[in-house]
Amino acid sequence: MNRRPRVGVLALQGAFREHARALRAAGADVVEVRLPEQLDGLDGLVIPGGESTTITKLAALYGLDDAIRGFEGPVFGTCAGMILVDRSHLGLADLEVDRNAYGRQVASFEADLELNGEERPFRGVFIRAPRVRDVGPGVEVLAELDGEPVLLRDGRVLVAAFHPELTDDSRIHERFLELVTEATSVRA
Ligand code: GLN
């Protein structure tokens, strides 16, 4: 792809501005998505963290749930966004996720994560993070915390239980943009 990838960020609630900043820093053009037609022509979509019940309700209200189900490009869901793509919500990734499984707000924490294929750890910011309860056979684990998967990929869908957009480390957003670039060249 010779142009910059065009990536949408679902901007109903939550940390969408931080994702937009991180995506721009990693080399993407960013579109804030609040209506179904704003998905047209996008190369990828980020579903941010926030409050999954609020995002779910607003998405249904604006018809974005069906529109996102029909979106064919790569999707990156972080935290609440990981809940939204699981089997019991949009069904984009073959995962079952438990909300608030690490406890209440006080249980939010940071931890160094080992990313597959990289020596330098990634600082993971966990805010009332969801926990992965079950993964399908096609799901690849890219990082774990205490033996539990926290960064995973199911084909074109990338999910993180933590908030990579709240650090200055753009490596995970860069990985997502690699997926986007690959998918765009396959479709071209
Ligand atoms: N616990 C939140 C939820 O269930 C997710 C938290 C987050 O996105 N930081 O929606």
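Coordinates for the structure precede this section.
Residues numbered from 1 in each chain as written. Predicted model: local features only at pLDDT ≥ 70, side-chain atom pairs only at ≥ 80, totals over all residues. Heavy atoms only, no water.

A. The environment of H173, seen in detail. Along the chain, the position of H173 falls in helix α5 (residues 171–187). Since its relative accessible area comes to 0%, H173 is described here as buried. Separated by 72 residues in sequence, H173 and A101 place their C-alpha atoms 25 Å apart. If near-sequence neighbours (up to four positions away) are discounted, H173 is found in contact with H19, A22, L23, A26, F76, P164 and E165. (Helix = DSSP H or I, 4+ residues; strand = E, 2+ residues; numbered from the N terminus. Buried < 20%, exposed > 50% of the residue type's maximum accessible area, 1.4 Å probe, protein only. Contact = heavy atoms within 4.5 Å.)

B. Examining the site of the ligand more closely. In the vicinity of the ligand, the contacting residues are G49, G50, E51, S52, C79, A80, I83, R99, N100, I127, R128 and H163. Here an oxygen atom of the ligand and a backbone polar atom of A80 are 3.0 Å apart. With respect to the ligand, the backbone of R128 contributes an N or O atom lying 3.0 Å from a nitrogen atom. Bound to the protein, the ligand loses 98% of the 300 Å² it would expose on its own. Here the residues of the shell around the ligand sort into four nonpolar, five polar and three charged. (Near = heavy atom within 4 Å. Polar contact = N/O pair within 3.5 Å; in protein donor to acceptor, adjacent residues only side chain to side chain. Areas by Shrake-Rupley, 256 points an atom, 1.4 Å probe, with all protein chains shown as cover. Nonpolar A, V, L, I, M, F, W, Y, C, P; charged D, E, K, R; others polar.)

C. Molecular detail of the packing of aromatic side chains. Enumeration according to the criterion identifies four aromatic pairs in this entry. Aromatic side chains F109 and F126 sit 4.8 Å apart centroid to centroid with 10 degrees between the ring planes, which places their arrangement in the stacked category. One end of the pair, F109, is in strand β6 (residues 109–115); the other, F126, is in strand β7 (residues 122–126), and 17 residues separate them in sequence. The exposure class of F109 is partly exposed, given its relative accessible area of 27%. Owing to a relative accessible area of 1%, F126 belongs among the buried residues under this scheme. Through a chain of ring-to-ring contacts, the aromatic side chains of F109, F122, F126 and F162 assemble into a single cluster. (Phe/Tyr/Trp six-rings, centres within 6.5 Å; stacked < 30°, edge-to-face > 60°.)

D. Structural context of the pairing of strand β4 (residues 75–78). By the alternation rule, side chains of β4 split into V75 and G77 and F76 and T78, which are all buried. In terms of strand pairing, strand β3 (residues 44–47) meets β4 through three bridges, oriented parallel. Opposite I47, over in β4, you have G77 as the bridge partner. Note: β4 against strand β11 (residues 157–160), four bridges, orientation parallel. The residue of β11 that forms the bridge with G77 is V159. (Pairing = 2+ DSSP bridges.)

E. Up close: the sheet that holds strand β1 (residues 6–10). The strand order β2-β1-β3-β4-β11-β10-β9-β6-β7 describes an open sheet built from nine strands, whose pairing is mixed. The open sheet has two edge strands, β2 (29–33) and β7, and neither has a second partner. On average, each strand axis in the sheet is tilted by 25 degrees relative to the strand beside it, whichever way the strands run. (Axes fitted to C-alpha atoms, helices over the stretch in contact; angles between N-to-C directions.)

F. Structural view of the pairing of strand β9 (residues 140–145). Judged from the two bridges that link them, β6 and β9 form a sheet pairing that is antiparallel. Note that in β9 the partner of L115 across the bridge is A143. The pairing of β9 with strand β10 (residues 148–154) spans five bridges and is antiparallel. Following the sheet pairing, E140 is matched in β10 by R153. The turn linking β9 back onto β10 is made up of two residues, and D146 within it adopts a positive phi angle of 45 degrees.

G. Here's a closer look at the layout of surface pockets. Roughly 150 Å³ of internal volume is contained in the largest pocket. Together, twelve residues line the largest pocket, and G50, E51, C79, I127 and R128 are the ones closest to its centre. (1 Å grid on protein atoms, 1.4 Å probe; cavity = no way out; pocket = protein on both sides within 12 Å on 5 of 7 lines; lining within 4 Å. Points joined across faces, edges and corners; volume = space filled by probe spheres on them.)

H. Representation of unusual backbone geometry in the model. Residue R128 is not a glycine yet carries a positive backbone phi of 40 degrees. Of the residues examined, R128 reaches a relative accessible area of 26% and is grouped as partly exposed. With a phi close to 45 degrees, D146 is a non-glycine residue in the positive phi region. Tracing the sequence through the fold places D146 in the loop between β9 and β10. Judged by its relative accessible area of 76%, D146 is exposed.

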